[in-house]
Amino acid sequence: MSPERPIRPVLTQLAWGYVLIYLNFNLGPVDILPDFVGWFLLADGVGKLGEELPSLPLLRPLALGLGVWALADWLLPLEGQLFTVPLLIVRLVRVYFDFQLFHDLAGLAARVQPPGRRLDRSMTQLRNTQAVLDTLLSLPVLYPVLLDYSAVTWLVLAAALVLIVWTLYCLFALRNLFPADGSQDTSAPADAP
Amino acid sequence: MHDIWAFLYQTLTLSLVAALLLILKAIFRDKLTPRWQYGVWAILALRAAVPAGLSGQQLLPLEQWLSAARALAESRLSSAFTDLWGDLRLTAPFPWLTAAPRSVTDWLFVFYAAGVVLALFWFFLGYLRLRARLTPAPERAEQVARVARQYALPLPRVAEGEPASAFVCAPLHPVLVLPRGREVDDKVILHELLHLKYGDLWLNLLCCLLRCLHWCNPFLWMVFDRVGNDAEALCDQRVLERLEGEQRRDYGRILLSMADDRHARVPGTTSMANGARRIKVRIEAIARFKRYPRGMALVSLCMVLILAPACLTGSAWAVSLPAVSDHDARAQLSREELSTVLLRDFALARSCRPATVAGALDCYGKAVVNNNAYFLAAVSDSETQQALYQTLLERNDETWEWGNYYLDMGVFLADDPDRTLEQRRWLSGSLSPYLVLNLAETEGGYTAAMAFFYEYADEESHPHVCWLVHQVALTCEDGGWLVEPREVSEPAELSDLDSFDFAWGYRYFSGYDLARLDFAPQDGLESALLIQRISLFSDETLHAQPNDHSAMICGFGNNLTVSPDLDAQFASSRPYGCLEIRYPGASADADYLGHYEFDVFAGERQLISANDPTSGFFPMPSDAYGDGVLSTRIAVGELEADDGTLVDHIQFTFALAREDPDGGQSPVAYLPLHSEYFDLGEVVS
């Protein structure tokens with residue numbers, strides 16, 4: 001990343017994008033922290049990180065697509081079984097997006113973190129945990145378990161909450177590895193670990 | 001598949017899954033590796049092997065749409081293959097002729113089946129022709145053996161042939177065919193040996209078989225071409241993983257040189273050359289070789305795990321039962337138009353078979369309550385549906401409402417030749433929700449008694465309330481439950497509407513008891529505890545509060561929804577009791593009064609305590625007397641505590657008095673307060 005294009009603000013943008021996606025604040029039927037704004041922030045952010053992480057811009061069209069879907073859902077709720085197939089596609093895109101984003105960010109963390117700090121490992125674990133949890137929640141065979149056992153439902157909700165907090169922690173922690181004046185040299189091989 | 005509709009169901013289901021996979025592959029074209037791009041086609045292969053609709057679920061409601069189309073098309077035909085009143089179900093993913101064709105659709109299916117056979121024959125002939133032109137080439141085997149040794153790959157037999165590019169064939173006894181008179185680079189041989197190692201010949205054979213089964217679906221042919229292309233792309237990837245530096249560029253040049261080579265598309269073969277356009281795409285992929293994001297194996301697997309259930313089993317597509325159109329609109333239809341509407345809607349109703357016993361009973365109960373033909377069709381076998389259809393078709397005139405079909409069919413009211421048509425019309429009152437009594441599992445399914453209260457007004461607008469019971473049997477067919485009425489009681493009219501209370505309505509259904517526990521008579525009074533098992537959709541719908549007869553909200557059946565809940569479940573299925581008091585020495589001319597108190601216990605725990613709400617004597621209703629016996633039933637309530645403990649004794653007293661002409665009361669008989677013990681364990685199990 002060049003001094004003319006500091007990386008810290010971009011990471012801030014990514015972090016706030018996820019804040020908007022995870023947090024909802026409804027005034028009546030309207031979410032005033034709309035998800036689509038978060039996705040467009042992510043789309044813009046991953047594009048700006050292309051120089052640093054060459055495979056990241058591959059995610060830009062996915063983020064844009066998710067943003068358009070979120071916008072459509074925000075304007076007119078996309079409910080009903082007619083949306084079964086589109087929702088499946090959206091879920092798959094989302095799983096891939098989160099995984100690859102944190103995969104690449106973990107690689108960036110590995111390059112810039114101080115010795116002894118294991119932020120890259122934390123992000124890799126977050127990446128894997130998120131993917132596995134999303135997959136488990138998508139398996140129809142588990143639906144009766146979720147419906148019949150409220151304890152399992154509470155466990156899942158707790159896990160989701162932990163993941164949200166963990167995600168935001170990792171993003172802001174990665175951002176904080178970069179000084180505000182953009183002076184850090186992050187040049188390194190482009191391949192992720 | 002035994003008719004054209006089953007084939008359409010299968011091929012459209014497969015096409016839908018293929019389309020979804022193509023969309024996903026386009027989205028992840030440059031993000032997921034060729035291994036994922038090729039491996040995800042395994043979902044399509046599994047889907048092709050499974051008959052459509054087997055899971056009862058689907059990505060889109062294809063079954064419903066095709067059922068309606070089938071009904072419309074076949075209504076004018078006399079197909080030998082299609083059961084118009086049967087479900088659209090497949091037992092196998094390949095065609096099977098069951099009779100001689102009669103209708104246009106039958107011949108279409110025969111044409112399709114013939115096409116399958118011809119396509120199989122054509123491919124087989126092509127393969128035989130290809131093999132016939134091969135000649136053994138032992139002198140070239142050394143080069144092949146060297147490559148196989150170098151990369152630890154299986155060693156096939158070697159032959160020469162006319163095609164300009166190398167290929168492998170014969171999955172059982174593999175043969176590597178090299179172009180006659182042309183030198184072949186080691187990398188080409190490596191490519192073909194990798195096809196052999198990873199079983200691509202079998203995949204090609206499967207694709208050919210599927211092409212035959214879906215020979216008239218051009219979309220699937222395009223998809224199978226794509227599968228082959230992805231197999232080649234993955235093989236390129238595998239070759240590049242085994243080569244270094246300049247060797248990779250050489251490989252790209254070799255591919256480029258094959259752009260104009262023709263390739264043999266026959267079953268059980270693979271070919272490195274697959275067309276100029278595909279060669280270009282493959283070379284671009286080679287250039288991109290190192291740029292696929294690495295470390296993505298977990299997410300690739302997760303995506304397949306999410307995708308596979310949806311593609312293989314779909315999702316439960318909730319289809320609403322069709323609405324019965326208004327009478328005026330129906331009356332305008334010609335017979336033919338009405339027939340079309342009915343067949344279409346009955347097909348939709350059939351596709352809404354309840355998935356649960358409770359759902360089936362709810363559907364049947366609301367069919368009776370609402371006189372709804374479609375509700376009834378959803379739980380009826382094909383014979384009953386046809387009878388319903390004929391009745392509705394015959395009786396669609398201005399003087400006959402849809403609802404009255406039920407009276408006419410004698411299911412609602414027992415056929416009474418003394419009742420005129422006019423009287424029956426007057427009986428078109430309103431039904432309260434229903435009650436499910438004594439649901440019991442049998443060898444073939446379940447039985448139950450469904451009890452209804454029926455209110456109507458006579459010619460002088462006097463209100464009447466009757467009750468009647470349908471004894472039904474439930475059977476499961478193809479994952480959906482059917483309800484067959486076995487016996488329908490005559491309506492029994494209540495004489496005393498003032499004392500009628502839905503809350504304790506179950507006490508009226510005498511003769512439909514699960515068990516009867518007779519107690520020793522005293523002072524001429526006979527007593528017994530009558531037990532019924534009542535299944536409720538919600539525990540809120542029936543209360544048994546001490547001395548609180550108005551606590552019940554609606555009391556019966558499933559008042560939670562207007563339309564049937566096809567996936568309903570019972571919230572509880574518990575024993576309820578009535579205390580029956582009989583006095584055989586009663587006089588028909590006297591007016592009798594009664595008084596009772598009772599307490600119900602489960603061990604030491606008192607569950608219910610109640611007495612006559614008037615706190616004195618209540619008049620016995622006029623229908624309490626019959627055949628010289630005065631009889632009354634007092635609702636006791638639930639005989640099971642919330643923790644499952646069963647009631648084991650009841651303490652009660654009953655006093656019978658006669659009303660004197662001067663307004664006084666004379667005692668007639670008296671049951672002093674005493675306890676009766678019993679064991680309900682075997683009764684309610």
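Up top you'll find the structure we're talking about.
These numbers were taken from a predicted model, which means no experiment stands behind them.

Caption draft 1: Spatial organisation of the overall build of chain A. For chain A, the count of helices and strands is seven helices and two strands. Each of the 193 residues in chain A was classed as buried or not, and the buried ones make up 45%. Expressed as a percentage of contacts within chain A between residues at least 6 apart in sequence, the contacts between residues at least 24 apart total 73%. Taken as a whole, chain A presents about 9600 Å² of accessible surface, with 67% of it coming from carbon and sulfur.

Caption draft 2: Layout of the pairing of strand 4 (residues 175–179) of chain B. All names here are of chain B. For strand 4, a buried count of five out of five residues is recorded, marking the element as mostly surrounded by other parts of the structure. Neither face of strand 4 is left uncovered, since the one carrying Val175, Val177 and Pro179 and the one carrying Leu176 and Leu178 both have all their residues buried. Summarising the sheet, strand 2 (residues 157–161) and strand 4 pair through five bridges and their orientation is parallel. Residue pairing across strands places arginine 157 opposite valine 175, the latter belonging to strand 4. Alignment of strand 3 (residues 167–169) against strand 4, held across three bridges, turns out to be antiparallel. Residue pairing for strand 4: phenylalanine 167 is matched across the bridge by valine 177. Hairpin connection from strand 3 to strand 4: five residues lie between these consecutive antiparallel strands, with alanine 170 at a positive phi of about 65°.

Caption draft 3: Molecular detail of helix 5 (residues 119–138) of chain A. In this model, helix 5 of chain A (20 residues) spans 28 Å end to end at C-alpha, consistent with the 28 Å of a helix rising 1.5 Å per residue. Taken together, the buried positions of helix 5 of chain A are occupied by Leu119, Asp120, Ser122, Met123, Leu126, Arg127, Gln130, Ala131, Leu133, Thr135 and Ser138 of chain A.

Caption draft 4: Region of interest: a negative patch on the surface. Residue and element names in this part refer to chain B. Among the surface-exposed residues, Asp381, Glu383, Glu477 and Asp478 lie close enough to one another that they form a single negatively charged patch. Relative to the helices and strands, aspartate 478 resides in the loop between strand 8 (463–477) and strand 9 (480–488). The class for aspartate 478 is exposed, based on a relative accessible area of 52%.

Caption draft 5: Expanded view of the environment of valine 483 of chain B. Residues and elements named next belong to chain B. In this fold, valine 483 is placed in strand 9. Relative accessible area serves as the criterion here: at 5%, valine 483 is assigned to the buried category. Along the sequence, valine 483 and aspartate 381 sit 102 residues apart, while their C-alpha atoms lie 8.2 Å from each other. Filtering out sequence-adjacent residues up to four positions away, valine 483 remains in contact with Ala360, Leu361, Tyr364, Val379, Val472, Ala473 and Leu474.

About the thresholds
- Residues numbered from 1 in each chain as written.
- Chains lettered and ligands numbered in written order.
- Predicted model: local features only at pLDDT ≥ 70, side-chain atom pairs only at ≥ 80, totals over all residues.
- Heavy atoms only, no water.
- Helix = DSSP H or I, 4+ residues; strand = E, 2+ residues; numbered from the N terminus.
- Buried < 20%, exposed > 50% of the residue type's maximum accessible area, 1.4 Å probe, protein only.
- Contact = heavy atoms within 4.5 Å.
- Areas by Shrake-Rupley, 256 points an atom, 1.4 Å probe, with all protein chains shown as cover.
- Pairing = 2+ DSSP bridges.
- Expected span 1.5 Å × (residues − 1).
- Patch = residues over 30% accessible without salt bridge, like charges linked within 9 Å, V, L, I, M, F, W, Y side chains within 5 Å.
- Salt bridge = Lys/Arg side-chain N within 4 Å of Asp/Glu carboxyl O.
- Lys, Arg positive; Asp, Glu negative; His and termini not counted.
- Charge placed at Lys NZ, Arg CZ, Asp CG, Glu CD.

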